[in-house]
Every structure is written in structure tokens, then in C-alpha cells.
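# Inside the fold
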Amino acid sequence: MKIIIVGLGQTGTLLAQRTAAESHDTVVIDSDRERVESVTNLYNVSGVRGSGASKEILLQAGVATADVIVAVTPVDEINLMACMVAKNCGARYTVARVHKPELSGDGDYFSQTFQIDCITNPKLDTAQEMYRQIGIPGKVKADAYFSDVATIIRINMDRNIIPSGSMPLREVKSFFGTDMLVATVTRGEKLYIPNGDFVIQPGDVVGIIAADTAISQIVMKLGLTHKPARNIVLVGGGTVAYYLGKKLLENKRNVTILENDRRRCAELAQLLPTAQISYADGVDADVLLEEGMEKADVCVSLTGNDDANLVISLFAWSCGVESVITRVNATAYEKLLNKVNIDITISPAVISADRVMSFVRNVTVYNASGNDIQCLYQLAGGMAEAIEFIAYDGCKKLGIPFRQSEFKLKKDILVAMIIRQGQVIIPDGNSCIQSGDRVVVISKKGHGLNTLNDIFAL
């Protein structure tokens, strides 16, 4: 497919990397010459310098024959304009990133009037991801969510969990005492999609998929508590804080927002009248203590500065806050936080890229029944991905038990879960896929799965 990416910030650069890795014919556009040169030198993509909202620049990039144009500049209006111009020039599909609440709510209008096929709102998506993490202890990270009934959580299997020095995979389920499945194992820099003979060692980071109703049992077995969080401190009062604060207040949580801009504090006080809004510097330790950090159940650091978020999270961790959630874009910071057991890091750029790649995969192979991919997540630092497919009538292996030889998967692919009419099934040899099932598939990077049929060996 031919893909044009407008805007080379964190998200645009990540998308260029991922589309190039999947062998798409990719062209990037940015008004900054150095950014264009940097990305074209790093990845197998072409580049054009200029405004992505310019018809001349878009035509120079080949928009007339483009399959998908993705506009992810920092300016919502430019993204919308770029998509509208691109569609008028012949682009097949258009994707616009929109941050502002007053614009992102007009998705149907933009779709119907200007034929924009997909509008993503990474700030809203980031807030939703953060909300799902609220109350989960810092040593457990929820990495992916499926149909509002199942989750993949990431756990470091240290010697407190495996005192004997090893744990065969077949013993993990009985250890946790609930229905679950180990979907991934990361050992050092290597990723495994484990089979039944795999042996887990201390220090392994495992990705466990389970029904949401089983997560508390898994957390308790780790000696941690999975309790409702009542007092939440949000440091930074931007759009993500608004979305997250609104959701928390709707669910009767006590929300304190610290913001160092007086005008924004006044806006938040009107938008979220039941929240406690404080004009304060969130990087000042004395201020954080005065605002009740030591009594907080959860601290969410979501300023626009990675350095500030890092400092805030480390301080909250030192105060004994059980759940610390950090907004980061730089992967180096994410790795650093994980080293000090602050594992709940959330990157808006990664979330946005996942949403766009879901759309790209769906339009790569047309299906009259609808989108095959419901959601897509990167796992284990991008070494694996989890995809939720819908099994349509065209699935080749409907009704065939997994134990039969004709149900053969490609290497490094695992069917981790079946969701049938809202019920979670951890598959075994007797399981089979039925039409209408939602099927969660784990695969190593590089398979580029577009449909459920792509998981099967010939």
C-alpha cells in the first residue's frame, strides 16, 4: 500500500518506522527539513519538505494514487485540512489526529461532510488507558484490553514468586489459582511465545491474559492489593487531565489537579467543578507534600514534559504511593522507570500509532462483512503484538478443534483467548473457533497480520 504521513513528531516518526517495517510504500511530509532528512535516513521511506495542507506538496508526495494519508501534525485544523485536500486529490482513505475536545466530538460530521475515514484522539485514548490502570499496583502493568472483558497484564517473575529457581509453564495456572494463560515471556532482550514445555525463570517478564474478573485473584497471589482507589492526584492540567478527571469524577473518586498556569486552572474549575484545582508547581517536593501526595492512592504525572513526569513519578514512589502512572513519549525514560519498579508508563505516541495501524491493517484487505481487526496493541517494547480479530464466516478453520493437525498455526503465533458472546474462553485442545467469536492472537513482530486467516500455516 502507498501511505503518506503528514507530520514527523513522535507519532509520525513511529508510524514511518512501522509502515516501512511492514513494507508499505511510505512518503513522509514535514515543514522541518532536518526531520524529513532524519526519518528518510533511518527508515526505508521517501520524504517531501513542506506543508501537508498544501495541494501542491501533497501532489508532489503522490497523493493522487495514495491508499492512506495520515495527518498527525500538532495542529488539529491542519490535520483536517490535509485530509480534506488529499481526498479531493484522489486519496483512497484519510486519517486525521484531533486533540481538541470541541473538534474530536464532530467525527460523524467530518466523516459525512468531508469524507475523513478515521479520526483519532490520542489524548482521550491516553486518558482511557490511564483510567483502566487506576488502582492496579505499580508492579503490575495492564498492557492490552479486549472487548471490555479481558486484559493482558505484565508481571516480573522475581524470586519472591519463584523461590525454587524455576516454574514450568504448566504449573503457572495452578500457582495463580484461576483461569489464565501466559501469552509472552521476555527474558533480557529476547521474546518468547511460550509453549507447554517452556520453563519460567526468575527475572522473566511474563504477559498474562485473563478475564477481568480474574485479575484481582492474580494480583492477590503476588502479595499485592487490588483495591478501589479513592484519592487521585493528577499533576498537569492539560486535555488528558480534563478527560481523565471527568471520568474519575463520574465514578465518585476524589480528584486533585495541580497546574502551574492560572488561566488553565480557572478553565478546569469551570469544566470540573467538583475537582480540587490547585495553582501549583508539580515539580516542587514541598508543594506535592502540601497537596497530600503522601495520602494519595494514585499519582498520575501527565505534564507535557517527560523530564518533569519522571521526577514527579520518582517522588510519588518515594512517598509510598501504591500506584504511579507516568505519561512518557521517550522510550528511554520508559525503560528507566521500569528499572526502579515504576512500571505503569503510558505513551500517547504509541497509543496513537496502534490505533492508526489497526485502521491501515483493516483497509489493506477489504472485507464486506466489516473490520477484521477490532484492536491492536504493541507488547514487550514492540517485539510482539496482540490483535483482537472477529471470526467471520470466511474464516478457514471454523469448527475445527485446536488439537487436530489441520488447525496449524504459523510459527510464533498463539491463539490466546476466545471471547464468545461476552464470555471468556482460555482455549485448549478441544476448543474451536465459531463464527462471530472475537479471537485474541499474540504474534512476534513481523507477521503483519491483517485477517484471522493470516495466522494459519499452509
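Described in the following lines is the structure provided in the data block. Each chain carries its own residue numbering, running from 1 in the written order of its sequence. Local features in this predicted model are restricted to residues whose pLDDT is 70 or higher, and side-chain atom pairs enter the listing and the counts only when it is 80 or higher, whereas totals over whole chains, interfaces and linings include all residues. Each side-chain value is derived from all of the structure's non-hydrogen atoms; neither hydrogens nor water enter the calculation.

Centre distance within 6.5 Å is the pairing criterion for rings of Phe, Tyr and Trp, where only the six-membered ring of Trp is used; planes under 30 degrees apart are then read as stacked, over 60 as edge-to-face, and the remainder as tilted. Per the counting criterion, the structure on display carries 8 aromatic pairs. Aromatic pair Tyr-145 and Tyr-377: ring centres 6.3 Å apart, planes at 70°, arrangement edge-to-face. A residue pair is termed long-range when its members are at least 10 positions apart, and Tyr-145 in strand β7 (residues 140-146) and Tyr-377 in strand β20 (residues 373-379) qualify at 232 residues. Only protein chains enter the accessibility calculation, which uses a 1.4 Å probe. A residue is then buried if its area is under 20% of the maximum for its type, exposed if over 50%, and partly exposed in between. The class for Tyr-145 is buried, based on a relative accessible area of 9%. Ring geometry for Phe-175 versus Phe-176: centroids 5.0 Å apart, planes at 85°, classification edge-to-face. Judged by relative accessible area, which is 1%, Phe-176 ranks as buried. Put simply, the rings of Tyr-145, Phe-146 and Tyr-377 touch in pairs and so form one group of aromatic residues. A ring is considered to have a charge above it if a Lys NZ or an Arg CZ atom is located within 6 Å of its centre and within 35 degrees of its normal. The lysine or arginine in question, Lys-247, covers the ring of Tyr-131, its NZ or CZ lying 5.4 Å from the ring centre. Sitting over the ring of Phe-456, Lys-397 keeps its end group 6.0 Å from the ring centre. Runs of E in the DSSP output that reach at least two residues are strands. Runs of H or I that reach at least four are helices, and both are numbered from the N terminus.

By the secondary structure assignment, Asn-79 is in helix α4 (residues 76-89). We define a polar contact as two N or O atoms separated by no more than 3.5 Å, with the added condition that, inside protein, one atom must be a possible hydrogen donor and the other a possible acceptor, whereas residues neighbouring each other in sequence contribute only through side-chain atom pairs. Only 2.8 Å separates the side chain of Asn-79 from the side chain of Thr-73, close enough to count as a polar contact. A distance of 2.8 Å separates the side chain of Asn-79 from the backbone oxygen of Arg-97, its partner in a polar contact. Only heavy atoms enter the contact rule, under which two residues are in contact if any of them lie within 4.5 Å. Excluding anything up to four places from it in sequence, Asn-79 contacts Ala-71, Val-72, Thr-73, Ala-96 and Arg-97.

So, about the pattern of salt bridges. By convention in these notes, a salt bridge is any Lys or Arg side-chain nitrogen within 4 Å of a carboxyl oxygen on Asp or Glu. For the structure on display, the rule yields 19 salt bridges. For Arg-355, the salt bridge identified is with Asp-125, shortest N-O distance 3.6 Å. Placement of Arg-355 in helix α15 (residues 348-364) and of Asp-125 in helix α7 (residues 122-133) is noted, with a sequence separation of 230 residues between them. The class of Asp-125 is buried, set by a relative accessible area of 14%. Put simply, Asp-125, Glu-129, Arg-132, Asp-148 and Arg-355 are held in one network by salt bridges that share partners.

Before going further, it helps to examine the nonpolar core. Throughout, nonpolar core names a set of buried Ala, Val, Leu, Ile, Met, Phe, Trp, Tyr and Cys residues whose side chains join them through atoms within 4.5 Å. Within the largest apolar cluster, 47 residues are counted, with the highest numbers of intra-cluster contacts made by Phe-146, Ile-155, Val-182, Ile-200, Ile-208 and Ile-442. Setting aside chain neighbours within four positions, we find Ile-155 in contact with Lys-139, Ile-161, Phe-176, Asp-204, Val-205, Val-206, Ile-208, Ile-218 and Leu-222. Of all hydrophobic cores here, the second largest spans 26 residues; its members include Met-130, Tyr-131, Leu-244 and Leu-248.

Another aspect to go through is the sheet that holds strand β17 (residues 298-301). Between any two strands, pairing holds if DSSP finds at least two bridges. If you trace the 6 strands from one edge of the open sheet to the other, you get β16-β15-β14-β17-β18-β19, paired in parallel fashion. Both outer strands of the open sheet, β16 (276-279) and β19 (345-346), are each paired with one neighbouring strand and no more. In the sheet, strand β14 (residues 231-235) pairs with β17 via 4 bridges, with the strands oriented parallel. By the bridge assignment, Val-235 is partnered in β17 with Ser-301. Orientation is described by axes fitted as lines to C-alpha atoms, over the contacting stretch for helices, and by angles from 0 to 180 degrees between their N-to-C directions. Sheet contacts for helix α11 (residues 262-271): β15 (254-259) and β16; angle to β16, the most-contacted strand, approximately 170°. Packed onto the sheet, helix α13 (residues 306-318) meets β14, β17 and β18 (323-327) and runs at close to 175° relative to β18.

A few words now on the packing of α7 against α15. Axis separation between α7 and α15 bottoms out at 9 Å; the angle between their running directions is 110°. Classified by the angle between their axes, α7 and α15 sit roughly perpendicular to one another. The segment α7 lies against α15, with Pro-122, Asp-125, Thr-126 and Glu-129 engaging Pro-348, Ile-351, Ser-352 and Arg-355. Only Asp, Glu, Lys and Arg are considered charged, only Ala, Val, Leu, Ile, Met, Phe, Trp, Tyr, Cys and Pro nonpolar, and every remaining residue, Gly among them, polar. Looking at side-chain class alone, the contact of α7 with α15 contains 3 nonpolar, 2 polar and 3 charged residues. Working rule for angles: under 35 degrees goes down as roughly parallel, over 145 as roughly antiparallel, 65 to 115 as roughly perpendicular, anything else as oblique.

Let us look at α15. With 17 residues, α15 extends 24 Å between its outermost C-alpha atoms, agreeing within 8% with the 24 Å of an ideal straight helix rising 1.5 Å per residue. With 14 of its 17 residues buried, α15 lies for the most part within the structure. In this scheme, a helix's expected span is set at 1.5 Å multiplied by one less than its residue total.

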